[in-house]
Structure formats: C-alpha cells, structure tokens
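Each chain, letter by letter, is given below.
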Amino acid sequence: MLRNRYVRTIVLSRVLLQLGVWVRNFAILLYVTEITNNDPFYVSLISVAEYAPIFLFAIVGGTFADRWRPKRTMILSDGLSAVSVLVVLLVVAGGSWRVLLLATFASAVLSQFSQPSAMKLFKQHVPEDQLQRVMAMFQSLTAFFMVIGPVVGAYIYQHYGIEVSLVIMAAMFTGSALILSRLPKDATGSGEGVRSGIIAEVAAGLRYVRSSSVLKNLGAAFAFAGLAAGLIQPLGVFVIIENLGKDSGFLQWVMMANGASMLVGGALIMAAGHKVKPQIMLAAGLLASAFGTIGVGWSHQVVLTIVLQTLAGFFYPCIHIGINTLLVQNTESAYMGRVGGIMGPLFMGFMVIGMSIAGYLKELFSLFTVFAGSGVLFLIAMLVLLPMLRKKDKRSVRSMSS
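Nothing here was measured: the structure is a model prediction, and the numbers come from that model. (Residues numbered from 1 in each chain as written. Predicted model: local features only at pLDDT ≥ 70, side-chain atom pairs only at ≥ 80, totals over all residues. Heavy atoms only, no water.)

## What to know about the overall build of the protein
And step 1. Regarding its fold elements, the protein presents 14 helices and zero strands.
And step 2. Its C-alpha radius of gyration of 21 Å places the protein within 12% of the 21 Å reference for a compact globule of 402 residues.
And step 3. Oriented by its inertia axes, the alpha-carbon framework of the protein measures out at about 60 × 60 × 40 Å.
And step 4. Residues classed as buried in the protein amount to 51% of the 402 residues present.
And step 5. For the protein, restricting intrachain contacts to residue pairs at least 6 apart in sequence, the fraction spanning at least 24 positions comes to 89%.
And step 6. For the protein, the exposed surface amounts to about 18,100 Å²; the carbon and sulfur share of it is 67%.
And step 7. Charge centroids of the protein, computed over 30 positive and 16 negative side chains, lie 13 Å from each other. (Helix = DSSP H or I, 4+ residues; strand = E, 2+ residues; numbered from the N terminus. Rg over C-alpha atoms; globule rule 2.2 N^0.38 Å. Buried < 20%, exposed > 50% of the residue type's maximum accessible area, 1.4 Å probe, protein only. Contact = heavy atoms within 4.5 Å. Areas by Shrake-Rupley, 256 points an atom, 1.4 Å probe, with all protein chains shown as cover. Lys, Arg positive; Asp, Glu negative; His and termini not counted. Charge placed at Lys NZ, Arg CZ, Asp CG, Glu CD.)

## Focus on the packing of aromatic side chains
And step 1. A full pass over the atoms with the stated rule returns nine aromatic pairs.
And step 2. Relative to Phe105, the ring of Phe57 lies with its centre 6.2 Å away and its plane at 75 degrees, an arrangement referred to as edge-to-face. Of this pair, Phe57 sits in helix α2 (residues 40-67) while Phe105 sits in helix α4 (residues 100-125), placing them 48 residues apart in sequence.
And step 3. Residue class for Phe57 comes out partly exposed when judged on its relative accessible area of 26%.
And step 4. Owing to a relative accessible area of 27%, Phe105 belongs among the partly exposed residues under this scheme.
And step 5. Here the aromatic rings of Phe64 and Phe113 are separated by 6.3 Å at their centres, their planes lie at 40 degrees, and the arrangement is tilted. (Phe/Tyr/Trp six-rings, centres within 6.5 Å; stacked < 30°, edge-to-face > 60°.)

## Thoughts on the nonpolar core
And step 1. The biggest cluster of nonpolar side chains holds 45 residues, and the ones touching the most others in it are Leu215, Leu218, Leu282, Leu286 and Val339.
And step 2. Secondary-structure elements contributing two or more residues to this core are α2, α6 (198-210), α7 (213-232), α10 (278-298), α11 (302-329), α12 (336-364) and α13 (367-384).
And step 3. Considering each element in turn, this core owes the most residues, 11 residues, to α7.
And step 4. When residues no more than four places from it in sequence are discounted, the contact partners of Leu282 are Leu218, Cys318, Ile319, Gly322, Ile323, Leu326 and Leu385. (Core = buried A, V, L, I, M, F, W, Y, C linked by side-chain atoms within 4.5 Å.)

## Digging into the pattern of salt bridges
And step 1. As enumerated under the stated definition, the model contains four salt bridges in all.
And step 2. Between Glu201 and Arg67 there is a salt bridge whose closest N-O contact spans 3.1 Å. Taken together, the residues span a long stretch of sequence, with Glu201 in helix α6 and Arg67 in helix α2 at a distance of 134 residues.
And step 3. On the basis of relative accessibility, which here comes to 8%, the residue Glu201 falls in the buried class.
And step 4. We classify Arg67 as buried; its relative accessible area is 15%.
And step 5. In this structure, Lys362 engages Glu363 in a salt bridge whose closest nitrogen and oxygen atoms are separated by 3.8 Å.
And step 6. Overall, the relative accessible area of 64% leaves Glu363 in the exposed class. (Salt bridge = Lys/Arg side-chain N within 4 Å of Asp/Glu carboxyl O.)

## Details of helix α8 (residues 236-243)
And step 1. For α8, the full list of buried residues reads Val239, Ile240 and Asn243. Axial view of α8: buried residues confined to an arc of 115 degrees, hence all on one face.
And step 2. Following α8 by one or two positions, Gly245 has its phi on the positive side, about 65 degrees. (Arc of directions from axis to C-beta.)

## Brief notes about the packing of helix α1 (residues 5-35) against α4
Between two packed helices, the angle of one axis relative to the other and the distance separating the axes together describe the packing.
And step 1. Interhelical geometry of α1 versus α4 gives an angle of 160 degrees and a closest axis separation of 12 Å. Compared by their axis directions, α1 and α4 come out roughly antiparallel. Judged by the twist between their axes, the crossing of α1 over α4 is left-handed. Residue-level contacts link Tyr6, Val7, Ile10, Arg14, Arg24, Ile28 and Tyr31 of α1 to Leu100, Thr104, Ser107, Ala108, Ser114, Gln115, Ala118, Leu121, Phe122 and His125 of α4.
And step 2. Residue classes in the contact of α1 with α4 are distributed as 10 nonpolar, five polar and two charged. (Axes fitted to C-alpha atoms, helices over the stretch in contact; angles between N-to-C directions. Parallel < 35°, antiparallel > 145°, perpendicular 65-115°, else oblique. Left-handed = near helix turned anticlockwise from the far one by under 90°. Nonpolar A, V, L, I, M, F, W, Y, C, P; charged D, E, K, R; others polar.)

## A word on the packing of α4 against helix α5 (residues 128-180)
And step 1. Relative to each other, α4 and α5 sit at 155 degrees, their axes nearing to 15 Å. With respect to α5, the axis of α4 lies roughly antiparallel. Pair α4 / α5 crosses with right-handed handedness. Of the residues in α5, those in contact with Leu100, Ser107, Met119 and Phe122 of α4 are Leu131, Val134, Met135, Phe138, Ile162, Leu166 and Phe173.
And step 2. Tallied by class, the residues present in the contact of α4 with α5 amount to 10 nonpolar, one polar and no charged.

## Quick notes on the environment of Val88
And step 1. By the secondary structure assignment, Val88 is in helix α3 (residues 70-93).
And step 2. In sequence terms Val88 and Arg98 are 10 residues apart; their C-alpha atoms lie 9.6 Å from each other.

## Digging into the confidence of the model for the protein
And step 1. On average, the protein scores 82 in pLDDT, and the residues at 70 or more come to 92%.
And step 2. Per-element mean pLDDT across the protein ranges from 72 in helix α14 (residues 386-390) up to 92 in α13.
And step 3. Contacts of residues 392-402 to residues separated by more than four positions or lying in other chains number 27 contacts, the stretch itself having pLDDT below 50. (pLDDT = per-residue confidence, 0-100.)

## What about α3?
And step 1. The terminal C-alpha atoms of α3 lie 35 Å apart, and with 24 residues this matches the ideal 34 Å at 1.5 Å per residue to within 8%.
And step 2. Positive backbone phi, approximately 105 degrees, marks Gly95, located one or two places after α3. (Expected span 1.5 Å × (residues − 1).)

## Topic: a nonpolar patch on the surface
And step 1. The grouping of Tyr51, Phe55, Leu56 and Val352 at the surface amounts to a nonpolar patch, some 350 Å² of accessible area in total.
And step 2. Ranked by residues supplied to the nonpolar patch, first place goes to α2 with three residues.
And step 3. For Phe55, the position within the fold is in helix α2. (Patch = residues over 30% accessible without salt bridge, like charges linked within 9 Å, V, L, I, M, F, W, Y side chains within 5 Å.)

Given below as structure tokens:
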C-alpha cells in the first residue's frame, strides 16, 4: 500500500495532523481548566468548538470538496489552520485567552473540507482490492494516537506552556501542507464540472443517498450504532465505581486495554482483512460490540471486564473500516464529499443524543439496563445490514445527473 504515492503522502500528512490535533486538544483543555479554575462552562465550550463544526459544516464542506480540486483543497485547509493558530498565538500573547476556542473551532471547520478531499483521492487512485486495507491503516493510525495523543499533548503543555504548544500546532499543520504539496497535480477537470447552487448540490447529494439501498442501509446502521455508542460513553466511570468497586482512576487502565486491542485489531485487518468482505467485517464488529457492551454492563469482576473491553476494542475497527470501505466502494467520486458530509453528522448526531440521555436513563432504570439497551441497538444495526449480507454487493449506487 505504501508504494502508492497517494497513500504514502496522505498517511504522512495525517501523522502530523493527528499530532497537531492532540496537542491542540489537551493543551487548550488544560490551559482553560487551569485559568478558569475548572469552570464547567468554559471547559464544555471546548467540546462544543470541536464537535459543532461537524454538524454545521460537514455537508457544506463535503459539497465544496466535490466542487474543488482535492489536492489544492487539502493544502489550503492545512495552511489556513496554521495561519489561524498563529493569529491566535498573537492574541493570547496579548492576554486574551478566550480566543483559544477560536483555534479549535477554525481547525475543526477546515477539517470538514480536507477529509472528504482525502477520501476522494483514495477513490480515484487506490485500487479497489486495496481500499479495505487502506481504511484499516487509517483506523490503526487513529487508534495509535488515541493511546499516545493525550500523553504527548499533556507533556508538551505541562513542560513548555500554551505558547509553545500553539507554535507546535502551527508547525504540524504547516508540515502537513508541505507534505501534501508533493502529491501529483490534480487531474484536469478534477473537482470541476457543471455547477449549480450550493443548495441544489446539497439536495442532489441527499437524493443520491436515497437512491442507493447500500447507502440507506449504512445510514441506518450508522444511526443505531451512534446512539448505542453515545449511551455508554459517559457511563464508563460508573462501571468502574459501581460494578468493580474501584476508584475512578482505574478507568485509564481499562481504556488502555481497549485502545491497545484496537491497535492490534486494525493491524490484523490491514494485513489480512482484504480476504473478508467489508459488509461481513462490519456485521462482525457490530455483533462483537453488542455482546461486549452487554457483558461489560453485567460484569462485576475486574478480569472479566478487561477481557470484554479488550474483545470489544479488537473488533471495533471492523465497524469503521467496514463502513468507510463500503462508502468509498459504493459512492461515485463526484459525490464523495457530500455522502461523507451526510453520514458523519448522522453518526455524531445520534451519539450526542445518546450521551445527553444516558445519565437520565441510568437514574431511571439501572446501569446494566442502559448497557443492555446499547447492546440491543448494536444488534439492530447489524440486522439492518442483513440485506447486504444475503446477496453479493451489486453496487446499487447509480449515476445521477442532478
């Protein structure tokens, strides 16, 4: 895979971007927490600045990514992210710390333009028999930085402060743009075609998704899986305290086991996952998540809980790798940005809904009931995929002129 110039270049770019994002996340979080004396309002605003652009700009960014040339779009996005961080650095040096939220918001907005462009390049330049392994490589990269990212971000801030952290962020974004500049020139006409208004193009993207049974099934599975993930995400600490009788600090060891198993699972898929159909892989990941979630909610033994978390983490990459592979395989290049802009907020939106009601449901019922309900939702997501499992993928996506 790394012999492919596009894969090699975008992977190197994403390494720098991941470093920049994790330094941003933890440096700004720790700085705001420290300067506001743990004010929950400002701390929560950091998450709003990070996730709100997914809802507000994903479909718009995807639409423009379909319009514009992908290489140019990615370089411009990373370059503007670096400039925005340097502007924020100057303002922070003048004593205004609230503008730090703008740095998070700006880079999160620009990523909504950059990410669809990367998927578009994969669609155009990666052979279909390698797509699944490429998706596995990127999932493993994400899992790797989930493990080391918090450590790196916290270390840089604690030892060098917010100004140096911002400089490193800008350097990482600039480095990514420079690496992307080594990509071959965009093909003539790439990202350029007959253009109508933005609203019309967004509507065309929605019609495109509705016209495909594969994309509709994936969208439904995304929604159920997002809701299931959201229900349990805020309750992990209660598993540690109520079920296992441990201090909340023990959660880091459980999460470390989960993250390490995600790395192993992603690596194995990268090595041999091309032998398994993506819809089978996706169904296996959802099934393992269902039983693992129910088991974690039921378990009161430390060893069993860690084993179940490790098992769930091992299969979790199957979900994202399977979905991303199917999206790329079953979406035409001209619609890649808009399809991604529809699917991403769908998952995130239902996850936020689950997170917002998780605590209320726990108080109304019980911790195990919420985890069991989450497991059932994972099972429903798998059942939605049954039509895709029963027959060979026939690429139901068809061309649309508008």
